[in-house]
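In case you want the letters, here they are:
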Amino acid sequence: MQMTRLYTGDFLVDNPDYELDLTRGHYKSIFIEASLALAQIYIKKGALKEAEELLEKHMALDPFDEKGCNLLVEVYKRKGEKARADSVVRQFKKRFKAEMEVMPDLDF
């Protein structure tokens, strides 16, 4: 949990060094994995506010992550925020299709 609070995004972004790029990618991937695992724990425990906050940060850092999107939509639906869930799905599909030129693989 502490690690997901500490990670705020890429560091030294103005430095185009290749090794720094690898290090940035490494720490980002650790955050992505940890945030998904922690969000699933929050959801199971019913801590939907915490899951929502974490998944919103997750999606801001990795806006094309289908699993993160699925979990965020699940949280909104559990909170009874269907319109918000539908909006996230629409925006995600549009963004994903524009960037990847294929439709995303979503669970809903």
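Above: the structure in question.
A brief report on the enclosed structure follows. (Residues numbered from 1 in each chain as written. Predicted model: local features only at pLDDT ≥ 70, side-chain atom pairs only at ≥ 80, totals over all residues. Heavy atoms only, no water.)

### Notes on the side chain of Glu-52
Right, so step 1: Tracing the backbone shows Glu-52 in helix α3 (residues 48-61).
Right, so step 2: Given a relative accessible area of 8%, Glu-52 falls into the buried group.
Right, so step 3: Those residues in contact with Glu-52 that lie beyond four places of it in its chain are Leu-72, Val-75, Tyr-76, Lys-79 and Arg-84. (Helix = DSSP H or I, 4+ residues; strand = E, 2+ residues; numbered from the N terminus. Buried < 20%, exposed > 50% of the residue type's maximum accessible area, 1.4 Å probe, protein only. Contact = heavy atoms within 4.5 Å.)

### Remarks on the packing of helix α4 (residues 66-78) against helix α5 (residues 82-100)
Right, so step 1: It is the contact of α4 with α5, at a shortest axis distance of 7 Å, that shows an interaxial angle of 165°. Of the possible angle classes, the one that applies to α4 and α5 is roughly antiparallel. Here α4 and α5 pass one another in a crossing that is left-handed. Seen from α4, the contacting residues are Glu-66, Cys-69, Leu-72, Val-73, Tyr-76 and Lys-77; seen from α5, they are Lys-82, Arg-84, Ala-85, Val-88, Val-89, Phe-92 and Phe-96.
Right, so step 2: Classifying every residue of the contact of α4 with α5 by side-chain character gives nine nonpolar, no polar and four charged. (Axes fitted to C-alpha atoms, helices over the stretch in contact; angles between N-to-C directions. Parallel < 35°, antiparallel > 145°, perpendicular 65-115°, else oblique. Left-handed = near helix turned anticlockwise from the far one by under 90°. Nonpolar A, V, L, I, M, F, W, Y, C, P; charged D, E, K, R; others polar.)

### A word on the pattern of salt bridges
Right, so step 1: Considering all chains together, one arrives at eight salt bridges under this definition.
Right, so step 2: Among the ionic pairs, Glu-56 bridges to Arg-84, the shortest N-O distance being 3.0 Å. On the criterion of sequence distance, the pair formed by Glu-56 in helix α3 and Arg-84 in helix α5 is long-range, its members being 28 residues apart.
Right, so step 3: Connected via shared salt-bridge partners are Glu-52, Glu-56, Lys-79, Glu-81 and Arg-84. (Salt bridge = Lys/Arg side-chain N within 4 Å of Asp/Glu carboxyl O.)

### Points about α4
Right, so step 1: Between its first and last C-alpha atoms α4 spans 18 Å; for 13 residues at 1.5 Å apiece the expected length is 18 Å, and the two agree.
Right, so step 2: Inspection of α4 places Gly-68, Cys-69, Asn-70, Leu-71, Leu-72, Val-73, Val-75 and Tyr-76 among the buried residues, and these make up the whole buried set.
Right, so step 3: A positive phi of about 80° marks Gly-80, the residue just after α4. (Expected span 1.5 Å × (residues − 1).)

### Quick notes on unusual backbone geometry
Right, so step 1: Phi angles above zero are rare outside glycine, and Glu-101 is one such case at about 65°.
Right, so step 2: Tracing the sequence through the fold places Glu-101 in the segment after α5.
Right, so step 3: Glu-101 sits in the exposed class, given a relative accessible area of 63%.

### Observations concerning α5
Right, so step 1: Along its 19 residues, α5 runs 26 Å from first to last C-alpha, staying within 8% of the 27 Å computed at 1.5 Å per residue.
Right, so step 2: Regarding α5, the residues found buried are Ala-85, Val-88, Val-89, Phe-92 and Phe-96. Buried residues along α5 cover an arc of 100° about the axis, so they all sit on one side. Exposed residues pointing more than 90 degrees away from the buried face of α5 are listed as Ala-83, Arg-90, Lys-94 and Ala-98.
Right, so step 3: Structurally, α5 contributes buried residues whose contacts are with α3 and α4. (Arc of directions from axis to C-beta.)

### Concerning the environment of Leu-36
Right, so step 1: Position of Leu-36 among the secondary structure elements: in helix α2 (residues 18-45).
Right, so step 2: The buried category is assigned to Leu-36, whose relative accessible area is 11%.
Right, so step 3: It is 7.6 Å that separates the C-alpha atoms of Leu-36 and Leu-55, two residues lying 19 residues apart in sequence.

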